[in-house]
Amino acid sequence: MKIHGEPTRSIWPLPDGSGVGTIDQARLPHRLATLELRDAAAVEQAIRSMQVRGAPLIGVAGAYGLAMALRAHADDAGLASAHQRLAETRPTAVNLRWALDRVRRRVAPLAPGERAAAAWDEAGRIADEDVAINHALGAHGARLLAERQRGLGRPERPLNVLTHCNAGWIATVDYGTALSAVYQAHDAGVPLHVWVDETRPRNQGLLTAWELAAHGVPYTLIADNAGGHLMQRGQVDMVIVGADRVTRHGDVCNKIGTYLKALAAHDNGVPFYAAVPSPTIDWQVRDALAEIPIEDRGGDELRRVGGLDAQGQPAQVAIAPPDTPAANPAFDVTPARLVTGIITERGIAAPSALAALFTQPAAAE
Ligand code: MRU
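A short tour of the structure in this document, coming up. What you see is a predicted model, and the numbers here were worked out from it, not measured in a lab.

Thresholds applied
Residues numbered from 1 in each chain as written. Predicted model: local features only at pLDDT ≥ 70, side-chain atom pairs only at ≥ 80, totals over all residues. Heavy atoms only, no water. Salt bridge = Lys/Arg side-chain N within 4 Å of Asp/Glu carboxyl O. Helix = DSSP H or I, 4+ residues; strand = E, 2+ residues; numbered from the N terminus. Buried < 20%, exposed > 50% of the residue type's maximum accessible area, 1.4 Å probe, protein only. Pairing = 2+ DSSP bridges. Axes fitted to C-alpha atoms, helices over the stretch in contact; angles between N-to-C directions. Contact = heavy atoms within 4.5 Å. Parallel < 35°, antiparallel > 145°, perpendicular 65-115°, else oblique. Left-handed = near helix turned anticlockwise from the far one by under 90°. Phe/Tyr/Trp six-rings, centres within 6.5 Å; stacked < 30°, edge-to-face > 60°. Near = heavy atom within 4 Å. Polar contact = N/O pair within 3.5 Å; in protein donor to acceptor, adjacent residues only side chain to side chain. Areas by Shrake-Rupley, 256 points an atom, 1.4 Å probe, with all protein chains shown as cover. Nonpolar A, V, L, I, M, F, W, Y, C, P; charged D, E, K, R; others polar. Core = buried A, V, L, I, M, F, W, Y, C linked by side-chain atoms within 4.5 Å.

1. A short note on the pattern of salt bridges
Within this structure, the stated rule accounts for 20 salt bridges. A salt bridge links D128 to R9, with the shortest nitrogen-to-oxygen separation between them at 2.8 Å. With D128 in helix α5 (residues 112-151) and R9 in the loop between β2 (6-7) and β3 (11-13), the pair connects residues that are 119 residues apart, well separated along the chain. Of the residues examined, R9 reaches a relative accessible area of 31% and is grouped as partly exposed. For R90, the salt bridge identified is with E295, shortest N-O distance 2.9 Å.

2. Thoughts on the sheet that holds strand β17 (residues 341-344)
Read from one edge to the other, the open sheet built from seven strands follows the order β8-β7-β6-β9-β12-β17-β18, with strand pairing classed as mixed. Because the sheet does not close on itself, it has two edges, and the strands there are β8 (219-222) and β18 (347-349). This sheet shows a mean twist of 25° between the axes of neighbouring strands, independent of strand direction. With three bridges connecting them, strand β12 (residues 272-275) and β17 associate as parallel partners. Following the sheet pairing, A275 is matched in β17 by I343. Its contacts with the sheet put α5 on β6 (159-163), β7 (192-197), β9 (238-241), β12, β17 and β18, and the angle it makes with β17 is roughly 135°. Contacts from helix α7 (residues 204-215) reach β6, β7 and β8 within the one sheet, and its direction differs from that of β7 by about 155°.

3. Some thoughts on the packing of helix α6 (residues 178-187) against α7
Close contact between α6 and α7 brings their axes to 11 Å; oriented N to C, the two are set at 20°. Comparing the axis directions of α6 and α7 gives the class roughly parallel. The handedness of the crossing between α6 and α7 comes out as right-handed. Every residue of α7 that contacts α6 at L179, V182, Y183, H186 and D187 is listed here: T208, E211, L212 and H215.

4. Focus: the sheet that holds strand β5 (residues 34-37)
The strand order across the open sheet built from three strands is β3-β4-β5, with neighbouring strands paired in antiparallel fashion. Of all strands in the sheet, those bounded by a partner on one side alone are β3 and β5. Each neighbouring strand pair of the sheet contributes to a mean axis angle of 25°, computed without reference to strand direction.

5. Some words on the packing of aromatic side chains
Here the structure, examined in full by the defined rule, presents two aromatic pairs. Ring geometry for Y64 and W120: centres 4.7 Å apart, planes at 65°, overall edge-to-face. On the criterion of sequence distance, the pair formed by Y64 in helix α2 (residues 55-72) and W120 in helix α5 is long-range, its members being 56 residues apart. Just as Y64 is buried, W120 falls in that class too.

6. Concerning the site of the ligand
Taken together, 19 residues lie around the ligand, and R53, R90, Q204, D244 and K255 are the ones closest in. Between R53 and the ligand, the recorded distance is 2.5 Å, taken from a side-chain N or O atom to an oxygen atom. In this structure, A55 approaches the ligand through a main-chain N or O atom, which is 3.0 Å from an oxygen atom. Look at the ligand: alone it shows 410 Å² of surface, and the protein chains cover 99% of it. The set of elements that each furnish at least two residues to the shell around the ligand consists of α2 and β11 (252-255). For the shell around the ligand, the class distribution of residues is eight nonpolar, seven polar and four charged.

7. A look at the nonpolar core
I11, V52 and Y64 are the most contacted members of the largest nonpolar core, which totals 39 residues. Of all the secondary structure elements, the ones that give two or more residues to this core are β5, α1 (40-48), α2, α3 (76-87), α4 (94-107) and α5. Of the residues forming this core, the biggest block, 12 residues, is contributed by α2. V52 has contacts with T22, L37, A46, I47, L57, I58 and A61, leaving out every residue within four places of it along the chain.

8. Here's the deal with the environment of P218
Within the secondary structure, P218 is located in the loop between α7 and β8. When the C-alpha atoms of P218 and G298 are compared, they prove to be 34 Å apart, with 80 residues separating the residues in sequence. The contacts of P218, once residues within four sequence positions are left out, are H186, L192, H193 and V194.

Dropping the structure here:
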């Protein structure tokens, strides 16, 4: 995507090859600042603190982090411990483990002296593939949005799309997942308007709003609890979200609050779609509720709110006494029965047909 007219990815190798550059997402939407990560510990810290966030992006960052760790300790023990430390930074999105496993598989047969460079190249391939996958799934999603907009029967009436969290280009290497569809539909001239859930407690909706504003897509920020009300009034034509882990049966684990949106969509006959790159599908998990580890990010994210103070400086304020008991599960599971379709780089499938989409040869464009 473009920042100030310049094509930009969310993560890039530094020119001297010492590490990677990335956007500091903790400072958005107020400030566009970058970070330089030059060792695995810095990558771990950036993922934990969510300066680097979004399922596909943390996978790519983790892969680069593993490559950097191998520069210091490339024997089998070094490989295993760096893999484990990086994988533990955030447990729910399967992309991180998927990317780390892929790098490990690539380098394990090599001599230790060859591992760091091979891991670095593999991380670069994962990043490039992420861009291609998200572009492809966005094209399928954009056709769906165009079809639904035509179905409204009034060419000028914008399609009202509701999204939750941030499934945009900064959550991936480029294009995004749910927002890749939105961007491509908008660029093709489909009239669209996006309802953007605030997405407490981390407020990733503000990142979505920042992205949509930069791309010129009409949007409105809403409180998380507003979606059901808007659906009852016919003001939402479809819901489209990203995902952190999807099972072969089409259960969708995504940012906390997604399930409630799916329930409201089901009750109001609003189609609910998840945009899912294949590395987000966990083919092993059978029972999403029992098996997917749900990250608990601690109560301070609920008790405190960050923003800018009157002088425009970053500040945090307490909105609850520090001893207020708080629970902060970061993700939830939307059962497949509430999901209309899953948008992938291979096309769009009903949840029950997801596995078939990946066992059949890819359809020609
Ligand atoms: O906790 P986050 O901000 O990393 O969670 C991100 C989400 O839940 C996104 O919706 C998901 O990763 C899809 S991103 C393309």
